[in-house]
Amino acid sequence: MRYSYYPGCSLKGTGRAYEESLLPVFRALKVELAEIPDWNCCGATAYMSSDESCAFALGARNLAIAEREKAGDVIAPCSACYLNLNKTQHYLAEYPDIGRKVQAGLRAIGMSYAGTLKVRHPLDVVINDVGLDAVKALVRKPLKGLKVAPYYGCQIVRPYATFDDAFNPTTMDRLLAVLGAEVVPYGLKTRCCGGSLTGTLEPVGVPMAHRLLLEARERGADMVTTVCPLCQFNLDGYQGTVGGGADEIAMPVTYFTQLMGIAFGLPAADVVLNRGIVPAEDVLARRQIAV
Amino acid sequence: MESKTNGGARIGVYVCHCGSNIAAQVDVKAVAEYASALPGVVLSKDYKYMCSDPGQEMIKQDIKDHRLDRVVVASCSPLLHEHTFRTATSDGGLNPYLFHMVNIREHDSWVHEDRAAATEKAKDLVRAAVRRVALHTALETRRVPIHPDVLIVGGGIAGIHAALTVAKAGKKVYLVEKDATIGGHMARFDKTFPTLDCAACILTPKMSEVRAHPNITLWTLSDVVKVDGSVGNFQVTVRRRPRYVVEDLCVGCLECIKACVFKEAKFPDEFNLGLGKRKPVYMPFPQAVPQVVLIDPNTCIEFKTGKCKKTCAAACDRNAIDFKQAEQVETVTVGTIMLSTGFQVFDAVRDPRYRYKQIPEVYTALEIERMVTASGPTAGEIVMKDGRHPKRVAIIHCVGSRDERTNRYCSRVCCMYSLKLAHLIKEHSGAEVYNFYIDMRTPGKGYEEFYDRLLGEGVHFIRGRVAEVTDVAETPEEKGRIVVRAEDTLAGVVRRVPVDMVVLSVGLEPRADSAEVRRLFNISCATGGFFLERHPKLAPVNTATDGIFLAGCCQGPKDIPDTVAQAGAAAAEALMLVMKGHVEIEPNTAHVVESDCSGCKSCIGLCPYTAISFDEEKKKAVINEALCKGCGTCVAACPSGSIVQNLFTDGEIFEEIEGVLNG
């Protein structure tokens, strides 16, 4: 199995633990990832709202390079990248006006995009291409007794619910169960994490993130696991300030790829738990899970 | 070439206004005037309503006064009035097949916006008809005797009511039911709206009557697997699945159930939607008809291992239990068929917002229906899975109805059954009941009054489609409860209502096997998959296939009064055919011109009605006109052009095409 890999800016910066855990896991799964050479911004949320055509052109350039390189469908682990690249695909195909503008832009730099690729999320690839049987075969250290709240965030299932349900996604639940973890019932799995509001309107954004954490604690979760760098950042990064700092939640927030790495028995350097702000090691030790 | 005289025909042309249906979009006077100059046309008129008595009278009189020998009427679809005008032609003294109809309504005025172009099109169509009708020849309809027996498929209230109606008229009925008992969905209901009659009290006597009536043959656990023939003479093959209990021997004493090696009932009971338990040998429900137990081979130890002590068989002093019972196949001949195959409720799992099967205390209305029934799994008690009684219950309307993502249509019964359940839940448990609705739809006799009554009983009504059902508490009051979130569109606020139990008012859908049933009986469906009636207003229980009728929810969602009315209507339609004793068959059949037939047999395999055989002596194909349905397949396929179809001869078709094209 071979795919084009689009890391996006987060996976090289604040979300580097995602990339650092994803690449070894995919190697273990025998899935080849070829990073798209000279990739650029996905179009991002902010640009999309100020100049749609330019944002689509940015996204399309990444897809055009991937198509030229013939490395297969594009894997985009960041939910925002995943959504923006999918949105670009969708608009190019459905809206001829935008399609013409974007193609003209690509032509100006000597490129074109025929639209032959699919944009996939790694969770989708793990479940549907690799399959849970193959994952199970690699589990060396089951996450026995570890109670996990699966948090999907909004962007991987909305508006394009391509591989899971828009209101009640279950792919990560099934994956975690195969890894041996105990999935707690978590009704807020697609509720907003606060998004970029944690940076722009902190009094609005941070309580949204806290709501998710408090519910996870209420459900007896040892940790929250996410599929998105911004969700991880919001949930992990603001825990000290709940209720003005009086209530310390201390809930580790990991990427699903980190839990896969632990269960596969990969070395600590490939699981990179040290990147998290709230330490996960204590919880794992309590459940007698060695990393 | 168009002849100047059109073969010496004397044709009368009539152009109908259809009130303004045609006249608004087609200049009917211009069309009539144009037609008057066509070859062979001796008179041409326009008239407000050709189908009215004066319109028909005009045709009859003109035939006599003007010695017409052909008639063309340009009006609506032949489906609607071909028969009317053929009769008028015949009453005027001409053979009815010397008439031809032109559809300038459905094919013209209703579908075009440009009046001038629509008028030209009407002229083209009339010209084609005039040229075609000149070649028409006198034909005779055939009469075939109709078999008096009636087949009814589906033993819910529709099938039961129709079966009794036909049987009481002295005719024989075969009632085929897929389940082990008749009664359908109605048997599962506690009470019926708006009168709160006990469903069992009004239904079960009719069920017993079906069983007892000498004119009704009841086959349960049975499916129709093959249908051949046509109106008057259908051959139907029915597969009867084994019950493993001999129906004629069992008296329903239930000793076998007591004796079963399973001391406790431990398998989900289908009749109670899994809320109760049954043993492998069981009676579907206390008033089941027939009163005969059955054995479920999927849970019975004898079927799984062959090593059961078979205490049930030993306990039966009539030796009714037969583990070796095999499937039986019956073939019957009937003249007419009625389908009353019912519906299935919307699977609430398909709308994950409402968390059915995720949050334990979320139920479907049908499950609650079983719960409030005195003979149900909880003996009428509204009880949660942990044994507590709910203090607050939410009822969510329109689940799987009026929703672009699932079904767009209104399921018609949910508002009323939700009101009924609200009343019953309140009565049985004293809980506060919250109805979340989009619109209250209560159009029926006594329905609005029932809604009024519920308002007076203190049931809460919140107008708004529920956005979310969640077990995530935001306040201490919500803790440990289920929260229903909706925009209250009357108050203009978003509400979060904490409750203990949620009831989903699921909509009605076509049964999962409805496509198969349609193919079997050769009928069509409307959008959504419900069976299609011949005409929504004037032939609501007929189908496009002669002799096959519809009743109940297989045709569309409806309540019990409407279902029973429809079942009665379908029974009357079937009886009308039976009482008449014969059906008239269109003379549009095909025949082989023997001298031209090369005996290649191409046509034989193609005929969908197996109407063509081969005369080995003459080496020619022979068409049995009694079986021919006039589909034209063989005519088109014959390499030597030796098959001719009445009303569709090559000459007639070519003249019509030439007429359309050569203005």
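Above: the structure in question.
Here the structure is a predicted model, which means the values were calculated and not measured.

A.B. asks: I tried to follow the overall build of chain A on my own but got confused; where do I start?
C.D. replies: For chain A, the helix and strand inventory stands at 13 helices and 8 strands. Against the 2.2 N^0.38 benchmark of 19 Å for 291 residues, chain A shows a C-alpha radius of gyration of 19 Å, consistent with a compact globule. If one aligns the C-alpha atoms of chain A with their principal axes, the spans along those axes are about 60 × 45 × 30 Å. Each of the 291 residues in chain A was classed as buried or not, and the buried ones make up 54%. Sequence-distant contacts in chain A: of pairs separated by 6 or more residues, those separated by 24 or more amount to 76%. When the accessible surface of chain A is split by element, carbon and sulfur atoms take 54% of a total near 12000 Å².

A.B. asks: Looking at this structure, I do not really get the sheet that holds strand S20 (residues 362-364) of chain B. What am I missing?
C.D. replies: Picture the strands of a sheet paired through backbone hydrogen bonds; they go either parallel or antiparallel. Residues and elements named next belong to chain B. Within the open sheet, the 5 strands sit side by side as S20-S27-S21-S22-S23. Their pairing is parallel. Each edge of the open sheet is held by one strand with a lone partner, namely S20 and strand S23 (460-463). With strand direction ignored, the average angle separating the axes of adjacent strands in the sheet is 25 degrees. As judged from the 3 bridges shared by S20 and strand S27 (residues 501-506), these two strands associate in the parallel manner.

A.B. asks: Looking at this structure, I do not really get the interface of chain B and chain A. What am I missing?
C.D. replies: The extent of an interface is frequently quoted as the accessible surface area lost upon association of the parts. With 10 residues of chain B at the contact, the number on the chain A side is 10 residues. Regarding the contact of chain B and chain A, the summed buried area is about 880 Å², with carbon and sulfur atoms giving 41% of it. Area buried by chain B at its contact with chain A is led by B:Pro352, B:Val472 and B:Glu474, which between them contribute 43% of it. Our count for the chain B to chain A interface comes out at 4 salt bridges. The interface formed by chain B and chain A holds 5 residue pairs in polar contact (both at pLDDT 80 or more) in total. The class makeup of the residues in the side of chain B that touches chain A is 3 nonpolar, 1 polar and 6 charged.

Cut-off values and rules
- Every chain is numbered independently, its residues counted from 1 as its sequence is written.
- Here the convention is simple: chains get letters from A, ligands get numbers from 1, in the order in which they are written.
- In keeping with the model being predicted, local features are shown solely for residues with a pLDDT of at least 70 and side-chain atom pairs are shown and tallied solely at 80 or more, while totals for entire chains, interfaces and linings include all residues.
- Based on all heavy atoms of the structure, the side-chain values leave hydrogens and waters out of the count.
- Each helix corresponds to a stretch of at least 4 residues labelled H or I by DSSP, and each strand to a stretch of at least 2 residues labelled E; elements are numbered beginning at the N terminus.
- Note that the radius of gyration is over C-alpha atoms, with the globule rule given as 2.2 Å times the number of residues to the power 0.38.
- Any residue under 20% of the maximum accessible area for its type is buried, any over 50% is exposed, and the rest in between are partly exposed; the area is computed with a 1.4 Å probe on protein chains only.
- Note on definitions: a residue-residue contact is assigned when non-hydrogen atoms from the two residues lie within 4.5 Å.
- Each accessible area value is a Shrake-Rupley result obtained with a 1.4 Å probe; residue values ignore everything except the protein chains displayed when judging cover.
- Only strands joined by at least two bridges in the DSSP assignment are considered to pair.
- Angles here are taken between N-to-C directions and fall from 0 to 180 degrees, while the axes themselves are lines fitted to C-alpha atoms, restricted in helices to the stretch in contact.
- Accessible surface is computed with a 1.4 Å probe, and the buried area is the amount of it that two parts give up when combined, taken over both parts together.
- Here a salt bridge means any side-chain nitrogen of Lys or Arg lying within 4 Å of a carboxyl oxygen belonging to Asp or Glu.
- Under this definition, polar contacts are N or O atom pairs within 3.5 Å; protein pairs additionally need one hydrogen-donor-capable and one acceptor-capable atom, and for neighbouring residues in sequence, both atoms have to be side-chain atoms.
- Any residue outside Ala, Val, Leu, Ile, Met, Phe, Trp, Tyr, Cys, Pro, Asp, Glu, Lys and Arg is labelled polar, Gly included; the first ten of those are nonpolar and the last four are charged.

Keep in mind that these numbers describe shape and distance, not what the molecule does.
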